[in-house]
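Overview (structure and organization)
Okay, here's what each chain looks like letter by letter:
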Amino acid sequence: MGRVGANLFNPASIFAGGMLGAYYDADYISDLFQTNDTSTPVTASGDVVGYWRDRSGNGNHATQTLTLRPVYRNIGGVKYLDFDGSNDRLVGVANPRWLHDGTGGYLAVACQCGVVAEPDVLYYIAGTRGNSVANGLTIGFDDRSASSHNQKSFVSIATKISVRGADLSLTSNTPHFVEVLSVAGTNGVKVYVDGVLSTQTTFSSPNTSDCSFPLDIGAGGNGDICLRGYISGLLT
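Before going into details, it helps to say that this report is about the structure given with it. (Residues numbered from 1 in each chain as written. Predicted model: local features only at pLDDT ≥ 70, side-chain atom pairs only at ≥ 80, totals over all residues. Heavy atoms only, no water.)

Both trends apply: most residues other than glycine have a negative phi, and most peptide bonds are in trans. A positive phi angle is found at L66, which is not glycine, with a value near 50°. For L66, the position within the fold is in the loop between β6 (62-63) and β7 (71-75). Relative accessible area serves as the criterion here: at 67%, L66 is assigned to the exposed category. Even without being a glycine, D194 presents a positive backbone phi close to 55°. Within the element layout of this structure, D194 appears in the loop between β16 (188-193) and β17 (196-202). Taking the relative accessible area as the measure of exposure, D194 reaches 33% and is therefore partly exposed. (Helix = DSSP H or I, 4+ residues; strand = E, 2+ residues; numbered from the N terminus. Buried < 20%, exposed > 50% of the residue type's maximum accessible area, 1.4 Å probe, protein only.)

Shown next as structure tokens:
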């Protein structure tokens, strides 16, 4: 997750003062285990991943069991988790409500979507609200063929907003870095793609309810609409 173009991203200082959240980074193979505990480490490209250690110090490790595990890849030194679009996902932070409750929060994900030619497909990259009107946040990639959808990212927060449009375009089968900033005290949301502010909006009032589901990495919450693509890191 540490690279966006020629720039280096170092989130260590974010958690230095005891900030809540989680940080997962596929650059560190020592953080990856095949089982949903730490008994069987990932040692090679092609191993399944059932445990992704949280590097924030908060203990929000992402886990999964049996057939739902993504696969670790190291291709020419580029390291990521490969999600099959069927049911692969990891379950992380239990209740990251700071993304929608008005106190201010942040979610960033380094990802590559649309890695196979599948028009008319919508994926969730990460989320806590599922494919329904519920409490939480989803980040997704919409590759449906209609021009209003094709190769657009979208962000939905609680029941308040859904941001989608040409200014949020992602390119299929291309690495991108997507950031969502929920601005404390303003009900404002900003979305960045590859370090550039893509859009911003406000919602009428904060939603102070807990997230409907724990954070899914590779799905939208509750295993809904799983990602066919790659994730090399996530921070929230």
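By the definition in use, this model includes 0 disulfides. Of all cysteine sulfurs, the one in C113 lies closest to C111, which takes part in no disulfide; the gap is 4.3 Å. Residue class for C111 comes out buried when judged on its relative accessible area of 6%. A residue is classified by how much of its surface remains accessible, and C113, at 4% relative accessible area, is buried. (Disulfide = S-S within 2.5 Å.)

Let us now look at the nonpolar core. Taken as a class, soluble globular proteins show a tendency for nonpolar side chains to be buried jointly. Counting 38 residues, the largest nonpolar core has W52, L81, I125, I139, I217 and I231 as the members making the most contacts within it. The set of elements that each furnish at least two residues to this core consists of β8 (78-84), β10 (105-113), β11 (122-127), β12 (137-142), β15 (175-183), β16 and β19 (228-235). The leading source of residues in this core is β10, at 4 residues. (Core = buried A, V, L, I, M, F, W, Y, C linked by side-chain atoms within 4.5 Å.)

This part takes up the pairing of β16. The side chains of a regular strand alternate between the sheet's two faces. Examined bridge by bridge, β15 and β16 share 6 bridges and lie antiparallel to one another. Note that in β16 the partner of L181 across the bridge is K190. The turn linking β15 back onto β16 is made up of 4 residues, and G185 within it adopts a positive phi angle of 75°. In this structure, β16 lies alongside β17, joined through 6 bridges in antiparallel fashion. Each residue of the ladder has a partner; that of V191, found in β17, is T199. (Pairing = 2+ DSSP bridges.)

Below, the discussion takes up the packing of aromatic side chains. Evaluated as defined, the whole model comprises 4 aromatic pairs. Arranged with centres 5.5 Å apart and planes meeting at 85°, the rings of F33 and Y51 form a pair that is edge-to-face. In this pair, F33 sits in strand β4 (residues 32-33) while Y51 sits in strand β5 (residues 51-52), placing the two residues 18 residues apart along the sequence. Accessibility expressed as a relative area gives 11% for Y51, which makes it buried. (Phe/Tyr/Trp six-rings, centres within 6.5 Å; stacked < 30°, edge-to-face > 60°.)

Buried residues dominate β12, accounting for 6 of its 6 residues. Burial along β12 is two-sided: L137, I139 and F141 facing one way and T138, G140 and D142 facing the other are all buried. Examined bridge by bridge, β11 and β12 share 5 bridges and lie antiparallel to one another. Of the residues in β12, the one forming a bridge with Y124 is G140.

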